[in-house]
Amino acid sequence: MKFGVVVFPGSNCDADCYHVIRNVAQQDVEYIWHQQHDVKGFDALVLPGGFSYGDYLRTGAIARFSPVMPAVIEFARRGGPVIGICNGFQILLEAGLLPGAMLRNRSLTFICETVNLRVNRTDTMFTNRYAKDQILQIPIAHGEGNYYCDNDTLKRLQDNQQILFTYCDSEGRETEEANPNGSVANIAGIINEQGNVLGMMPHPERCSEPILGGSDGLGIFLSVIDWCQGVSRK
Amino acid sequence: MKELTYRQMGLLDEEYQQIKAILGREPNYLETGMFAVMWSEHCGYKNSRPLLKMFPTEGPQVIQGPGENAGIVDIGDNQALVFKIESHNHPCAIEPYQGAATGVGGIVRDIFTMGARPIALLNSLRFGDLENARVRQLFRGVVAGIAGYGNCLGIPTVGGEVYFHPSYQENPLVNAMCVGLVNRDEIALAVASEVGSPIMLVGAKTGRDGIHGATFASEELTDSSAEKRPSVQVGDPFMEKLLIEACLELIREDLVAGMQDLGAAGLTSSIAETASKKGLGVMVDVTKVPLREEGMTPYEIMLSESQERMLIVPRPGKEERIAEIFAKWGLDAVVIGKVTGDGMFKVYEGEVLVGEVPVTALTEGCPVYVRQGIEPPYYQELKAYDIDNLPDYDLQEALLQLLSSPNIASKKWVYRQYDHQVMTNTVIVPGDGDAAVLRIKSTDKGVALTTDCNSRMVYLDPYRGGKLAVCEAARNLACCGARPLALTNCLNFGNPEKPHIYWQMQNAIRGMADAARVLNTPVVSGNVSLYNESTTAAVFPTPVVGMVGLLQDINQRCTMSFQDEGDMIVLLGQIRTELGGSEYLAVCHRIEAGEVPDADLDEESRLIEMLLELCAKGLIKSAHDISEGGLAVALTESAIKGQMGFRAELPGTAEQVTQVLFSEAPTRVVMSLAAENLEAVEEIASRYQLPLTILGRVGGRRLMISNGGHMLIDLDLDQAAKTWGEALTCIMK
C-alpha cells in the first residue's frame, strides 16, 4: 500500500515518518508537498509533526489553509485513513476534522519525554495490533499539547468511544500525575466519529525501532497497513 | 540613529591612524563602521590569533581545519561531520530568550552553509548563583530560547552542560554547538569564484537589529549595557528552517559556487570574507537590499545583524534555477552586487559610491596584538591553600549535599525542554551516558558528542584545567565506546588587555593544545569570546571543549547505567586522593582552592584505548567517568540511572576515605561487568598498564559504601534518586 506524508513549510518530522513507513514497515511512501492539489493514488495520509509556518499564530492555524488541505479533507470524508501526529493533530483540529483545541502545556514549557499511553480500543484501523488496555511507552515533544474541549464534546467523545489513547501511569491509571500537559480527561489521541481520522500528540515514529529504546509505536502503522490490506482483500 | 565616534565604535586611536594610512585619507562614517566591526575581537581575533596558533589542527581525519565556517572530519563511507561551537554571551546577559535563540540560529547557519545537514545541537551554559531571582530568570530564558529555536528547526538538542558559579552572575555564558552530516563530495566552501558573478542575498529582510553586535560582544558589560538591547537580534526559526531546506537543495543540485551566512558584522563581514579568499573585489548596491524598516542608511544596512540571511554566489547560468528553488520555499532571492577583479569593497547607494575600502584591509589587515601575560597573585596563594586539615564532615551528608548541588544534580529540567529525539537518531539520550550517541541511518556507525569544561579547575590552574577539559571530553566519548576524532572550542575569558586574564588565556590554551596533541584530537574550528566581565570581575576562564567521536559499530555503545544484579563494579585507573578544586570542597566547606590534580596524558591515552577495546569486545556493561563529585557521585549516578543499588568496599586507609570518595582527579572510570569477564578485563588492563580495583557488586535497593568493615554510606536508592533528580526542578519552580 502507499502512504503519503504531507509536508508543510516548517514540518520537521516528515522524514522520520517516511523512514519508519519505508524502512521499518516496508511500505511504499511519498512526500506530498503542501501546494499539491490532490492526493490521488494514496491509501493513507500522515500529517507529521513540526512547526508549520512557525506556528507563530496558533499551532496549525495557517497550515489548514494550505492548498493541499481540501484534498486531505475530501480524502478523510471518503473514509481514507489519516493520521495527524503532534503538529499534524493540531492541524486536524484547526481544519475541523477532529473536535477540540490545543492549549499551551500546563507547565508553560516545551516537554520532551517518554510517557505511558493506554490503548482504550483495539477495534479500530489504528490500534488492531494492540491488546485492549495495553500500555505503550511513547515520547511526546510539544509546547502546546494540552487538549481542551467543552463538556458536551467530551461526553460525545466518550459516548462514541473516540478517545483512543490516554496518558496513564505504569499501572494504566489515568492519574493527574501521569498527565504531562494538562489535557482534559488525560486525552492523548482521538479519532473522528467515522473512525478513520486519528490525531495524537505522542510520536509513534520515534519509538518504532528497538535501537531507539522501544518499538511500541510501530503498531499504529502496522494496524493501518493490516486494515487497508484486509479491506483490499475483501 | 545618533552618530558614533570611532572610539564609541570600539576602535583605538592607533587603529584609526592605521585606517587613515591604508586609505590615504580620512575614512567616512560608513567606512569607519565597517573597519570597526571587522577589526573587533569577535570578527578579527586580534588578541587571540597568536595564541590560537598553539593548537594542533591537522591529522589524517581532518578534512577542513580552522578558517572556514566550521571544521570537518572524515567518518568513512564518503561521509564527514561538520561542527563548530560559538558563543552568544553578551546578548544573553541583556535579552536571554532572543540572545540564546539567535545563538542557535547562527551556529546552525555555519553548518548548513558548508552543505551539511545539521543533525545535532549541544550547548554549554554558565550562570550565577541560582539563589538570585535575576539569575533564575536568565537561566529560564536561555533554556527556553534554545528550545524555542532548536525545536522549531527540528534539530535535536542532544547534549550539553550547565554550571553555576557567582563569577557568572551578571555575565552568563551561552555557547551553542552544531554538528552536521555531509557527503564529502558535497562540501561547500565560502569562496567567490569568478569576476562578474552576481551576489545574491536571500532570507529575511534587513532591519536595524544587531547593529554593532560584534563590537558589543568585544567589550565589558557595564551598568548601561541594557541600553544596548537594540544590539540583540531577534530570531525567526521558521525562516531559518526554510533557508536550511532551500540551501541544501541548491547544494544537492550543485548550483552554487560560494555560500556564506550573515552573522556578526552582517553584510560587511560575509561579503568581505567571500571575496578576500581569492583576492577578488566586490561591489554592492544597498538600495537592492530588501529592508524591513524605512529610512535605513548605508551604514545601517551594511552593519545590520538581522538574522536568517544568506549570501549566495551562483554557478554561472544557474541564477534562474536558484530563484525557482527559493520561490518554492517562499523565499525572495535578490541580486545585490557582483564580484569584481580590483580587490576593492565598493558600496553604492544606487549610482553613488558611498564607501570604498580594500577587501583584505578588512580581513587580513586586522591588527594583531601579542600581549604579555602576568601570573596573578591568587594563583600561588590558592594552590598553597591548606586543604589537608579540614573539619570533619559526615560522608553521607556530604554525598546528599553534592547530589542536590545544581552543578551535579540531574539536568532533566533543562533537557526536558529540548526536543532531543527528532530525526530519530538519538540512541543515547541526554542523561543516560557520558556523551550523546546518534546513529547514522543506513550504516552501522554512530557518532558520540559532548561538551566539557570544569572552569573552577581552569581558574585555579589554567594549564592543568585546559588539559582536563580536553581529557574529560575524550574520556566521555570513550566511555560510550566512541573513538575521539577532533574538537572545537569556545574560549570564554575576561578582558585580554588585562595581563592576568591574558595569562589565563595563554596557559589554558597551552594546556588544551598539549592534550589535543597527545590524544590525537586536533582543533578544527572554534570561537573566542573575550571581555566576559561585569562591573565586579571577570568570569572564571571557561574554555569549553566540544568533541566528536566515532563508533564503527553502534551496537558497541555503552551507557552509564548499571545493568544486572550481581555484576562486578570496578575502578579503572588509579586510586587518587587529591581534593583540590573539587565540588566537595566548594559545597561542603565553601572552599575553592587547592592544587588542581594533573592528568598524565600518556595514561589518559591508554585509558581511552582500553575503553574502546572493552566496548568493542563487549566486556563491560556500563562506564562512567569520575568527574564532579568524585567516585561517590559516579557510583551513585550509575546506580540511579540503572535503578539498581550496589555494595562497594572503598580502597585505601580509614584516614583517606573522604579524599578517595570525593577526589575529582582525572583518568578514572567506574565500570560494571559480568563476573565471568573479570579475568579478561584484568588481563587487558595489565596490557595497558592501568590499575584495576574491584569495588563491589551491583544489586539491592541501597547504596552502600564501606571501608575496612566500617559502613561509611548507606543510602536508600530511591532517596538518592529523588535528591539528585528533583533538586534543580525544585529550585526552578
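The model shown is predicted, which means the values in this text are computed figures rather than measured ones.

This part takes up the overall build of chain B. What chain B contains, in helices and strands, is 25 helices and 26 strands. Computed over C-alpha atoms, the radius of gyration of chain B comes to 26 Å, within 12% of the 27 Å expected from 2.2 N^0.38 for 733 residues, which places it in the range of a compact globule. Along the three orthogonal principal directions, the C-alpha set of chain B runs to about 90 × 55 × 45 Å. In chain B, which comprises 733 residues, the proportion classed as buried is 66%. Taking the contacts inside chain B whose residues are at least 6 apart along the sequence as the reference set, 85% of them involve residues at least 24 apart. A gap of 3 Å separates the mean positions of the 63 positive and 95 negative side-chain charges of chain B.

This part is about the sheet that holds strand S5 (residues 157-164) of chain B. All names here are of chain B. On the basis of which strands lie adjacent, the open sheet formed by six strands has the order S1-S2-S3-S6-S4-S5 and mixed pairing. Unpaired on one side and paired on the other, strand S1 (62-64) and S5 mark the two borders of the sheet. Averaged over all pairs of adjacent strands, the angle between their axes in this sheet comes to 20°, without regard to strand direction. Relative to strand S6 (residues 173-183), strand S3 (residues 79-87) runs antiparallel, the two being bridged by nine bridges. When the bridges of S6 are listed, Ala 80 appears paired with Val 182. Packing against the sheet, helix H6 (residues 96-112) makes contact with S3, strand S4 (117-127) and S6, and its axis sits at approximately 25° to S6.

Residues and elements named next belong to chain B. As a packed pair, H6 and helix H7 (residues 133-153) sit with axes 7 Å apart at the nearest point and diverge in direction by 40°. The angle between the axes of H6 and H7 places the two elements in the oblique class. Crossing angle aside, the handedness with which H6 passes H7 is right-handed. Between H6, through Pro 96, Tyr 97, Ala 100, Ala 101, Val 104, Gly 105, Val 108 and Arg 109, and H7, the contact on the second element is made entirely by Gln 137, Leu 138, Gly 141, Val 142, Ala 144, Gly 145, Ile 146, Gly 148, Tyr 149, Gly 150 and Leu 153. Here the residues of the contact of H6 with H7 are counted per class, giving twelve nonpolar, six polar and one charged.

This part takes up the sheet that holds strand S20 (residues 568-572) of chain B. Pairing between sheet strands relies on hydrogen bonds along the backbone, with the strands arranged either parallel or antiparallel. All names here are of chain B. Read from one edge to the other, the open sheet built from seven strands follows the order S21-S23-S20-S24-S22-S25-S26, with strand pairing classed as mixed. Only two strands of the sheet have a single partner each, and these edge strands are strand S21 (622-625) and strand S26 (710-716). Along the sheet, successive strands turn relative to each other by an average axial angle of 20°, direction set aside. Looking at chain direction, S21 and strand S23 (residues 669-673) are connected through four bridges and run antiparallel. Counterpart to Asp 625 in the pairing with S23 is Val 669. Lying over the sheet, helix H22 (residues 630-642) contacts S20, S21, strand S22 (646-649), S23, strand S24 (692-698) and strand S25 (702-707), oriented at roughly 145° with respect to S21. Lying on the sheet, helix H25 (residues 717-732) is in contact with S25 and S26; it crosses S26 at an angle near 70°.

Every regular strand shows the same layout, with side chains that alternate between the two sheet faces. Residues and elements named next belong to chain B. The buried fraction of strand S19 (residues 542-551) is high, at ten of ten residues. Here S19 shows two buried faces, one formed by Thr 542, Val 544, Gly 546, Val 548 and Leu 550 and the other by Pro 543, Val 545, Met 547, Gly 549 and Leu 551. Taken together, the seven bridges between strand S16 (residues 446-452) and S19 define a ladder with antiparallel strand orientation. Residue pairing across strands places Thr 450 opposite Met 547, the latter belonging to S19. With nine bridges connecting them, strand S17 (residues 483-492) and S19 associate as antiparallel partners. Bridge assignment links Leu 491 to a residue of S19, and that residue is Pro 543.

The interface of chain A with chain B comprises 26 residues on the first partner and 28 residues on the second. Interface area for chain A against chain B, summed over the two sides, is near 2200 Å², with a carbon-plus-sulfur share of 59%. In this assembly, chain A and chain B are joined by four salt bridges. The shortest N-O distance in the salt bridge between Asp 419 of chain B and Arg 206 of chain A comes to 2.9 Å.

Here we take up the pattern of salt bridges. All names here are of chain B. Taken as a whole, this structure holds 59 salt bridges over all chains when the rule is applied. Arg 464 is paired through a salt bridge with Asp 598; the nearest N and O atoms lie 3.9 Å apart. On the criterion of sequence distance, the pair formed by Arg 464 in helix H18 (residues 462-479) and Asp 598 in the loop between helix H20 (583-589) and helix H21 (601-616) is long-range, its members being 134 residues apart. Given a relative accessible area of 19%, Arg 464 falls into the buried group. For Arg 475, the salt bridge is made with Asp 625, and the minimal N-O distance between the two is 2.8 Å. With Arg 475 in helix H18 and Asp 625 in strand S21, this residue pair connects regions lying 150 residues apart in the sequence. As far as burial versus exposure is concerned, Arg 475 and Asp 625 are alike and both buried. What you see here is one network of salt bridges that share partners, running through Asp 461, Arg 464, Lys 467, Glu 595 and Asp 598.

Turning next to helix H1 (residues 13-23) of chain B. Residue and element names in this part refer to chain B. Along H1, the residues classified as buried are Glu 15, Tyr 16, Ile 19 and Leu 23. Take H1 and look down its axis: the buried residues cluster within an arc of 100°, on one side only. Along its buried surface, H1 packs onto helix H2 (29-38) and strand S13 (352-358).

Okay, the nonpolar core next. Membership of the largest hydrophobic core comes to 144 residues, with the highest contact counts inside it found for Val 179 and Met 671 of chain B. Residues contacting Met 671 of chain B, with those up to four places away along its chain left out, are Met 568, Ile 569, Val 570, Leu 572, Leu 611, Leu 614, Ile 620, Ser 622, Ala 623, Val 681 and Leu 692 of chain B. One finds Phe 3, Met 69, Ala 76 and Ala 188 of chain A within the second-largest nonpolar core, a separate group that totals 71 residues.

Attention now goes to the side chain of Asn 196 of chain A. Residue and element names in this part refer to chain A. With respect to the helices and strands, the residue Asn 196 is situated in the loop between strand S10 (187-191) and strand S11 (197-200). Polar side-chain contacts of Asn 196 include one of 3.5 Å to the backbone oxygen of Gly 79. In this structure the side chain of Asn 196 is engaged in a polar contact, spanning 2.9 Å, whose partner is the side chain of Asn 192. Those residues in contact with Asn 196 that sit more than four places away from it in its chain are Ala 76, Gly 79, Gly 80, Pro 81, Val 82, Met 125 and Phe 126.

On average, chain B scores 94 in pLDDT, and the residues at 70 or more come to 97%. For this predicted complex, the interface score ipTM comes out at 0.96, while the overall pTM is 0.95.

Thresholds, definitions, all that
- Residues numbered from 1 in each chain as written.
- Chains lettered and ligands numbered in written order.
- Predicted model: local features only at pLDDT ≥ 70, side-chain atom pairs only at ≥ 80, totals over all residues.
- Heavy atoms only, no water.
- Helix = DSSP H or I, 4+ residues; strand = E, 2+ residues; numbered from the N terminus.
- Rg over C-alpha atoms; globule rule 2.2 N^0.38 Å.
- Buried < 20%, exposed > 50% of the residue type's maximum accessible area, 1.4 Å probe, protein only.
- Contact = heavy atoms within 4.5 Å.
- Lys, Arg positive; Asp, Glu negative; His and termini not counted.
- Charge placed at Lys NZ, Arg CZ, Asp CG, Glu CD.
- Pairing = 2+ DSSP bridges.
- Axes fitted to C-alpha atoms, helices over the stretch in contact; angles between N-to-C directions.
- Parallel < 35°, antiparallel > 145°, perpendicular 65-115°, else oblique.
- Left-handed = near helix turned anticlockwise from the far one by under 90°.
- Nonpolar A, V, L, I, M, F, W, Y, C, P; charged D, E, K, R; others polar.
- Buried area = accessible area lost by both parts, 1.4 Å probe.
- Salt bridge = Lys/Arg side-chain N within 4 Å of Asp/Glu carboxyl O.
- Arc of directions from axis to C-beta.
- Core = buried A, V, L, I, M, F, W, Y, C linked by side-chain atoms within 4.5 Å.
- Polar contact = N/O pair within 3.5 Å; in protein donor to acceptor, adjacent residues only side chain to side chain.
- pLDDT = per-residue confidence, 0-100.

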